Amino acid sequence: MKEVIRMINSTEVSVQEPAAVDNYVGGNWKAPRSGQRTPNRNPARKEEIVGFVPASDRDDLNDAVAAADSARMAWRKLSGAARGALLYKAADLLDSRTEAIARSMTREMGKTLNEAKGETARGAAILRYYAGEGMRPVGDVIPSTDPSALMYTTRKPLGVVGVISPWNFPVAIPVWKIAPALIYGNTVVWKPAVETAVTAALILTCFHEAGFPAGVVNMVIGDGAVIGQGIAEHPGIHGVTFTGSNAVGKQVGRTALERGAKYQLEMGGKNPIIVAADADLELAVEATISGGLRSTGQKCTATSRVIVVHEVYESFKEKLLAKVEGLRVGDGLKPDTWLGPCASAKQYDTVRRYIRKGVEEGAVLLAGGETAPADPALADGYFVAPTVFDRVSPTMTIAREEIFGPVLALIEARDLKEAIDLANDSEFGLSASLYTRDISSALTFIDEMDAGLVRINAETAGVELQAPFGGMKSSSSHSREQGQAAIEFFTSVKTVFVKP
Ligand code: NAD
């Protein structure tokens, strides 16, 4: 761990040596029992190893659950203000280490340094938001039919919460789960994505140095099928919050349900932007590019289907292509890079497989494609040029399945009604947006679109930490994260009746 500690404390932004990462259990950094670690590589330069991360086993997980269990009664008996004070300290530490954390994120999963810094700042803001929650009212007084009695609701923590998080937002997502879990009195066992485990360790140093009591926050790094599934199965874990793919999420949900644990799943999307005939096309193009291609299309809320009404289809397409051609693909650490690599070999293969499928099924490739960008400087990374498909029919695979890469599918609609029908023709329902100047079109879309997040004249990707976030249909277990909605998952309501 000493390299990790040096990395976080370094003001030199060029620290490059691979860090050997440990688990964090009961307030201590601990090597995995097996002693095994695997290398994490920089997706922009495959030869560069960012760190060696634990390949933990179920015994490591058992240790973490035992530590979280022994800490939980003392933690829940602290006041919300006392718990909040520690979250404020963690926020300050995270803020002061933005540069090191952001660089680690960029080197591990490729997003641009600016985006990584923005995400780290958001992590600190989320911690502060939930720190404040420790002082806010909980519960209601409800009139009893017995006039002499007092009836009210209060909320109790679940106990030990398992957090399973993906690699695409290595700071924001785990923090928007861990912060509310802690403020409402739970202790945590966190399994970050292996791909971004060095960054996870940097986050943990902030909790460690903030002075959380031993066992309140624990981290176990390892394979999803071992540690993730282990969390879903573990009888000592009372609630499981998961963000990731649909296949894994459903498995986690089934396992938790089987043993009666509370669970929350936030999963994939196939998010549409609709461009109406009266849209401001310049703004709609900006939103399509930003929503679809930033972070290399690896946001759950990324725009994937671009549904354009017939009258403006050709002019929108022309403007879109002109802008896409100017996007600079490269190493996210370079200041002029707009679009980094895919996060891993697995993502790279998946994205290129979908592009191939699009061509095979008859969509017309207008930009990008399966072959790597021509720049020789990109030969050693998982780079895919921004890709635009024209004439995509709603039944094609690229119109139905989540790609999670820089690929836009243009779909033509006769009118707004057909556009909304097409947008709803999906198993997913995470986010959706409409570009229009017409208030009744906007209101129809808001009413009829089956998505947890609907946005008018704004891109599909855009989540505010103080507002509820989550999907409809297969995108979610229908729970909501963030804002005050988080209390619903991380606590249980207790109804109290007191007769003098
Ligand atoms: P993933 O499902 O492969 O992995 C997510 C987490 O689950 C990782 O920590 C992984 O190690 C773990 N895991 C893997 N196999 C497991 C198993 N058998 N049992 C338990 N845990 C296991 O997803 P990913 O590739 O890391 O992330 C991309 C996906 O996440 C996309 O589908 C994206 O849409 C989704 N996502 C959703 C949201 C949202 O809020 N809805 C946000 C970000 C990402």
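Rules behind the numbers
- Residues numbered from 1 in each chain as written.
- Predicted model: local features only at pLDDT ≥ 70, side-chain atom pairs only at ≥ 80, totals over all residues.
- Heavy atoms only, no water.
- Patch = residues over 30% accessible without salt bridge, like charges linked within 9 Å, V, L, I, M, F, W, Y side chains within 5 Å.
- Areas by Shrake-Rupley, 256 points an atom, 1.4 Å probe, with all protein chains shown as cover.
- Salt bridge = Lys/Arg side-chain N within 4 Å of Asp/Glu carboxyl O.
- Helix = DSSP H or I, 4+ residues; strand = E, 2+ residues; numbered from the N terminus.
- Pairing = 2+ DSSP bridges.
- Contact = heavy atoms within 4.5 Å.
- Axes fitted to C-alpha atoms, helices over the stretch in contact; angles between N-to-C directions.
- Buried < 20%, exposed > 50% of the residue type's maximum accessible area, 1.4 Å probe, protein only.
- Polar contact = N/O pair within 3.5 Å; in protein donor to acceptor, adjacent residues only side chain to side chain.
- Core = buried A, V, L, I, M, F, W, Y, C linked by side-chain atoms within 4.5 Å.
- Right-handed = clockwise from strand over helix to strand, strands pointing away.
- Parallel < 35°, antiparallel > 145°, perpendicular 65-115°, else oblique.
- Left-handed = near helix turned anticlockwise from the far one by under 90°.
- Nonpolar A, V, L, I, M, F, W, Y, C, P; charged D, E, K, R; others polar.

Participant: Describe a nonpolar patch on the surface, listing the residues and the values that go with them.
Facilitator: Taken together, Val141, Leu150 and Val498 make up a surface patch of nonpolar side chains, about 260 Å² in accessible area. Positionally, Val498 belongs in strand β21 (residues 491-498).

Participant: Please give an account of the sheet that holds strand β4 (residues 37-42) that cites residues and values.
Facilitator: Taking strand neighbours across the sheet as the criterion, the three strands line up as β1-β5-β4 in an open arrangement whose pairing is mixed. With partners counted over all chains shown, the strands left at the sheet margins are β1 (19-20) and β4, one partner each. Examined bridge by bridge, β4 and strand β5 (residues 45-54) share six bridges and lie antiparallel to one another. By the bridge assignment, Arg41 is partnered in β5 with Ile49. Across the sheet, helix α4 (residues 98-109) lies against β4 and β5, angled at about 95° from β4, the strand it touches most.

Participant: Explain the pairing of strand β15 (residues 387-390) residue by residue, including any values.
Facilitator: Neither face of β15 is exposed, since Thr387 and Phe389 on one face and Val388 and Asp390 on the opposite face are all buried. In this structure, strand β14 (residues 364-367) lies alongside β15, joined through three bridges in antiparallel fashion. Its bridge partner being in β15, Ala367 is matched across the sheet by Val388. Note: β15 against strand β16 (residues 407-413), three bridges, orientation parallel. Counterpart to Val388 in the pairing with β16 is Leu408.

Participant: I'd like a rundown of the side chain of Glu48, residues and numbers included.
Facilitator: Relative to the helices and strands, Glu48 is located in strand β5. Classification of Glu48 by relative accessible area gives buried; the value is 15%. A polar atom in the side chain of Glu48 sits 2.7 Å from the side chain of Arg45.

Participant: With reference to specific residues and values, describe the nonpolar core.
Facilitator: Burial of nonpolar side chains together is a common tendency in soluble globular proteins. In terms of nonpolar packing, the biggest core is built from 71 residues, with Leu182, Phe207 and Phe212 touching the most fellow members. Per element, the largest residue contribution to this core is 10 residues, and it comes from helix α7 (residues 197-210). Formed by 32 residues, the second largest nonpolar core is a distinct cluster that contains Ile274, Cys342, Tyr382 and Ala432.

Participant: Quick rundown of the pairing of strand β13 (residues 303-309)? Include the residues and the values.
Facilitator: Across a regular strand the side chains alternate sides, sitting on one face of the sheet and then on the other. With seven of seven residues buried, β13 is to be regarded as a mostly interior element. Alignment of strand β12 (residues 271-275) against β13, held across five bridges, turns out to be parallel. Bridge pairing links Ile274 to Ile307 in β13. A crossover links β12 with its parallel partner β13, the connecting element being helix α10 (residues 281-293), and its sense is right-handed. Inspection of the sheet shows β13 paired to β16 by five bridges, in the parallel sense. What sits directly across from Arg305, in β16, is Ala409.

Participant: I'd like a description of unusual backbone geometry, backed by residues and values.
Facilitator: In this model, Ser295 sits at a positive phi of 55°, which is unusual for a non-glycine residue. A residue is classified by how much of its surface remains accessible, and Ser295, at 5% relative accessible area, is buried. Its identity is not glycine, yet Thr296 carries a phi of approximately 55°, on the positive side. Along the chain, Thr296 turns up in the loop between α10 and β13.

Participant: Can you lay out the packing of helix α5 (residues 113-133) against helix α6 (residues 172-183) for me, pointing to particular residues and giving the numbers?
Facilitator: Relative orientation of the contacting elements α5 and α6 amounts to 15°, with a least axis distance of 9 Å. If you check the angle between α5 and α6, you find them roughly parallel. α5 and α6 meet at a crossing whose hand is right-handed. Where α5 approaches α6, its residues Glu119, Arg122, Gly123, Ile126, Leu127, Tyr130, Ala131 and Glu133 are matched on the opposing element by Ala172, Val175, Trp176, Ala179, Pro180 and Ile183. Residues of the contact of α5 with α6, tallied by class, amount to 10 nonpolar, one polar and three charged.

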